[in-house]
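# Descriptive structure summary
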Amino acid sequence: MIDEAKLNKINNELKVYMNESGFISNKCRNKVIKILSEEFNINFKIDNYANVDVSVQSDGKFLYRGDLYQSADNISSYDEFIERYKRFTERADKLLSKREIDFENLSNFKNISNLIVVLCLLLFAVAVVILGIHAFLVGNYFDCLWLVVFIIPAVFPRLKSSLEVRITQAKNYLKRLMKKVK
């Protein structure tokens, strides 16, 4: 039914669709498989498998996770098969374009949120120091002792390492941003 060169092209395209959709999410990959099953009227078992391989055999049957599936509609000609495959590619392309991941905006969002977290952590550290100094100056030595003995050792070692990493990331982001502006 399908010659070898066109069969290889279709199987490579199917592999690309599965990889692209799986890269986005398992849910997206399952939707692509569902689109394939709707277009060819095949009842694929759709589960959250780690690896999904779909390929077309030369007789028009689909090999999905090691099992052969055949269309419930008898696909009688190569032209009908290609027509269904084109409808599948159009629908899959439309789905993938909607779900495409924009790494540039995602990276900027993470960097901006990192700046906000750094500012909040610095404000928290300043507030703790001010509370400790205030408690000492007012003469509330028990609160000052509680802060120095229990709160600061429990919070600041973890806070210090996290803050150092986040500050380094924020500095690098601001340097890149300044280079873009210049």
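A brief look at the structure comes next.

Quick notes on the rules
Residues numbered from 1 in each chain as written. Predicted model: local features only at pLDDT ≥ 70, side-chain atom pairs only at ≥ 80, totals over all residues. Heavy atoms only, no water. Helix = DSSP H or I, 4+ residues; strand = E, 2+ residues; numbered from the N terminus. Buried < 20%, exposed > 50% of the residue type's maximum accessible area, 1.4 Å probe, protein only. Patch = residues over 30% accessible without salt bridge, like charges linked within 9 Å, V, L, I, M, F, W, Y side chains within 5 Å. Areas by Shrake-Rupley, 256 points an atom, 1.4 Å probe, with all protein chains shown as cover. Salt bridge = Lys/Arg side-chain N within 4 Å of Asp/Glu carboxyl O. Lys, Arg positive; Asp, Glu negative; His and termini not counted. Charge placed at Lys NZ, Arg CZ, Asp CG, Glu CD. Pairing = 2+ DSSP bridges. Axes fitted to C-alpha atoms, helices over the stretch in contact; angles between N-to-C directions. Contact = heavy atoms within 4.5 Å. Phe/Tyr/Trp six-rings, centres within 6.5 Å; stacked < 30°, edge-to-face > 60°.

In terms of helices and strands, the protein carries 5 helices and 3 strands. Seen in sequence order, the protein has helices and strands lined up from the N terminus as α-α-β-β-β-α-α-α. When burial is assessed residue by residue, the protein has 29% of its 182 residues classed as buried.

A few words on a positive patch on the surface. A cluster of basic residues, Lys-27, Lys-31, Lys-34, Lys-94 and Lys-98, forms a positive patch at the surface. No other element matches helix H2 (residues 26-40), which puts 3 residues into the positive patch. By the secondary structure assignment, Lys-31 is in helix H2.

What follows concerns a nonpolar patch on the surface. The grouping of Leu-145, Trp-146, Val-148, Val-149, Phe-150 and Ile-151 at the surface amounts to a nonpolar patch, some 560 Å² of accessible area in total. Within the secondary structure, Leu-145 is located in helix H5 (residues 141-181). Accessibility expressed as a relative area gives 52% for Leu-145, which makes it exposed.

On to the sheet that holds strand E1 (residues 54-56), then. Read from one edge to the other, the open sheet built from 3 strands follows the order E1-E2-E3, with strand pairing classed as antiparallel. Each end of this open sheet is capped by a strand with a single partner; those strands are E1 and strand E3 (67-69). Ignoring which end each strand starts from, the neighbouring axes of this sheet average 30 degrees apart. Here E1 pairs with strand E2 (residues 62-64) via 3 bridges, running antiparallel. Paired with Val-54 across the bridge in E2 is Tyr-64. Against the sheet, helix H1 (residues 4-24) makes contact with E1 and E2, and its axis sits at roughly 165 degrees relative to E1, the strand it touches most.

What follows concerns the environment of Val-54. Of note, Val-54 is situated in strand E1. The exposure class of Val-54 is buried, given its relative accessible area of 7%. A sequence separation of 18 residues divides Val-54 from Leu-36, and the C-alpha atoms of the two residues are 9.8 Å apart. Setting aside anything within four residues of it in sequence, one finds Val-54 in contact with Leu-14, Met-18, Leu-36, Phe-62, Leu-63 and Tyr-64.

Turning our attention to the pattern of salt bridges. Scanning the entire structure with this criterion turns up 6 salt bridges. Here Glu-80 and Arg-84 are joined by a salt bridge, their closest N and O atoms 3.3 Å apart. Of this pair, Glu-80 and Arg-84 both sit in helix H3 (residues 78-98), 4 residues apart, which is roughly one turn of that helix. Residue class for Glu-80 comes out partly exposed when judged on its relative accessible area of 23%. The network of salt bridges with common partners includes Glu-38, Glu-39, Glu-83, Arg-87 and Arg-91.

Each aromatic ring pair is described using two quantities: the centre-to-centre distance and the angle formed by the ring planes. Summed over the entire model, instances satisfying the criterion amount to 10 aromatic pairs. Pairing Phe-40 with Phe-81 gives two aromatic rings, centres 5.1 Å apart and planes at 45 degrees, and the pair type is tilted. Here Phe-81 lies in helix H3 and Phe-40 lies in helix H2, a separation of 41 residues in the sequence. For the pair Phe-40 and Phe-81, one class covers both residues: buried. Of the aromatic side chains, those joined through ring pairs into one cluster are Phe-40, Phe-44, Phe-62, Tyr-64, Tyr-69 and Phe-81.

Nothing here speaks to function; it is all geometry.
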